[in-house]
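# Understanding the architecture of this molecule
Here's the letter readout for the chains.
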Amino acid sequence: GGLHGDIPLESGAGKLMADLVVDRGISAVIDVSQFESDNQKARFMTEFGNRFFFRKKASPSAVHLFIEEAQEFVPQNPQRDEAIMLHAWTRIQKLGRNFGIGSSLISQRPQETNKKVLNLTEVLFVFQLTGTHERESVAKWIEDKGLDEDIAAELPKLAVGRPHVWSPAWLRVSTVISIGQKHTY
């Protein structure tokens, strides 16, 4: 799907796409950005998430989902058509690891991403954040993890490619790292 997709996506094809990814074991970019309504997006992502979860539950194996614009799929304040989608994707975050499902939530708007889902996060990469609400959301996550760090001055000044990484329980790290520039053909 999307502007550069190999095939167009239909809002009712979520189950079919989940079956395709699971049955063939393929890597895929599923772009729902061209759906004309939030209802269409929610329908597709609910069907995909539910089917993907139950298929992986029946036959566990390692897989990693990258969820770009996470606030669109696990919103803090879901609209009418998004509540069921939020439930499907929250379940993947809560229980998916039991069946080999890992995920990375990617968002420039952490304050709009569901807090129950953010609380399940083991590692947080925070790039430059200049907005007050974004920094407050990250500060709450850090505080909830029992860390005593003042990030208000640091986050707006982070250089490109230099995120602060927090993983208090799993990796036991809190530091700024460098990420190399990408190279393409």
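Relevant structure appears above.
The text that follows walks through the structure, step by step, so that each part is easy to find.

Reading guide: rules and limits
- Residues numbered from 1 in each chain as written.
- Predicted model: local features only at pLDDT ≥ 70, side-chain atom pairs only at ≥ 80, totals over all residues.
- Heavy atoms only, no water.
- Core = buried A, V, L, I, M, F, W, Y, C linked by side-chain atoms within 4.5 Å.
- Buried < 20%, exposed > 50% of the residue type's maximum accessible area, 1.4 Å probe, protein only.
- Helix = DSSP H or I, 4+ residues; strand = E, 2+ residues; numbered from the N terminus.
- Contact = heavy atoms within 4.5 Å.
- Salt bridge = Lys/Arg side-chain N within 4 Å of Asp/Glu carboxyl O.

This paragraph deals with the nonpolar core. Ranked by internal contacts, the top residues of the largest apolar core, which has 26 residues, are Val32, Phe44, Met45, Phe48, Phe52, Leu65 and Trp89. The biggest single contributor to this core is helix α2 (residues 38-58), with six residues. If we skip the residues at most four places from it in the chain, Val32 touches Leu9, Lys41, Phe44, Met45 and Phe73. By size, the runner-up hydrophobic cluster in this structure holds ten residues, among which are Leu124, Val126, Ile142 and Trp166.

Glancing now at the pattern of salt bridges. A side chain with one charge may pair with a side chain of the opposite charge, provided their charged atoms come close. Taken as a whole, this structure holds nine salt bridges when the rule is applied. We note a salt bridge from Asp19 to Arg51, for which the minimum N-O separation is 3.1 Å. With Asp19 in helix α1 (residues 14-24) and Arg51 in helix α2, the pair connects residues that are 32 residues apart, well separated along the chain. By relative accessible area, Asp19 is classed as buried at 18%. For Lys41, the salt bridge goes to Glu82, with nearest N and O atoms at 3.3 Å. Of this pair, Lys41 sits in helix α2 while Glu82 is found in the loop between β1 (63-68) and α3 (83-95), placing the two residues 41 residues apart along the sequence. Glu82 shares its class with Lys41; the two are buried.

The values are spatial; any link to function lies outside them.
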